Amino acid sequence: MKDCYQNLTVEIWDISSEYICVKSASTKSKKSEAELLDHATNNLLHAVKQKMLKKQGRVDYGKLRKEGYSDRFLSKLENA
């Protein structure tokens, strides 16, 4: 039962003798380095895609493939 409450933080303030305010919030779990890098990579890919769309109106995957970008990069860019 103790494991259920590990991420729960409780703050108690005593405003007056008549009222007691209680604020509770669950704490965020820390992301692993891999999760952090994956999130940052997705944000960068999304920004690159938006810049291409703004500049050219579309993303030319054929041109990018001819320029030497990998299929893995292009598939991630397409999903961004």
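Here the residue numbering is sequential within each chain, running from 1 through the sequence in written order. Restriction of local features to residues with pLDDT of at least 70 applies here, the model being predicted, together with a cutoff of 80 or more for giving and counting side-chain atom pairs; totals for whole chains, interfaces and linings are based on all residues. Note: side-chain values were computed over all heavy atoms of the structure, leaving out hydrogens and water.

As a further point, take the overall build of the protein. A tally of regular secondary structure across the protein gives 3 helices and 2 strands. We count a stretch as a helix when DSSP gives it H or I for four or more residues in a row; a strand needs E for two or more, and each element gets its number in order from the N terminus. In sequence order, the secondary structure elements of the protein are arranged as β-β-α-α-α. Working definition: with a 1.4 Å probe on protein chains only, accessible area under 20% of the residue-type maximum means buried, over 50% means exposed, and in between means partly exposed. Going through the 80 residues of the protein one by one, you find that 9% of them count as buried. Per-residue and other accessible areas were derived by the Shrake-Rupley procedure at a 1.4 Å probe size, with only the shown protein chains allowed to occlude residues. A total of about 7400 Å² of accessible surface is found on the protein, and carbon and sulfur atoms cover 53% of it.

Note on method: axes are straight lines fitted to C-alpha atoms, helices fitted across the in-contact stretch only, with angles between N-to-C directions ranging 0 to 180 degrees. Taken N-terminus to C-terminus, the directions of helix H1 (residues 33-56) and helix H3 (residues 71-79) make an angle of 80°; their axes are 9 Å apart at the nearest point. When the axis of H1 is compared with that of H3, the two are roughly perpendicular. Of the residues in H3, those touching H1 at Asp38, Leu45, Val48, Lys49 and Met52 are Phe73, Lys76, Leu77 and Glu78. Charged residues are taken to be Asp, Glu, Lys and Arg, nonpolar residues to be Ala, Val, Leu, Ile, Met, Phe, Trp, Tyr, Cys and Pro, and polar residues to be all remaining types, Gly included. Here the residues of the contact of H1 with H3 sort into 5 nonpolar, no polar and 4 charged. Any angle from 65 to 115 degrees is called roughly perpendicular, while one under 35 is roughly parallel, one over 145 is roughly antiparallel, and all others are oblique. Contact definition: two residues touch when any of their heavy atoms are within 4.5 Å.

Turning our attention to H1. End to end, H1 covers 34 Å across 24 residues, agreeing with the expected 34 Å (1.5 Å per residue, within 8%). Residues of H1 that are buried: Leu45, Lys49 and Met52. Here the buried face of H1 lies against helix H2 (61-66) and H3. Once H1 ends, the next one or two residues include Gly57, with phi positive near 85°. Helices are assigned an expected span. That span is 1.5 Å times one less than the residue count.

So far we have only geometry, and geometry alone does not tell us how the molecule works.
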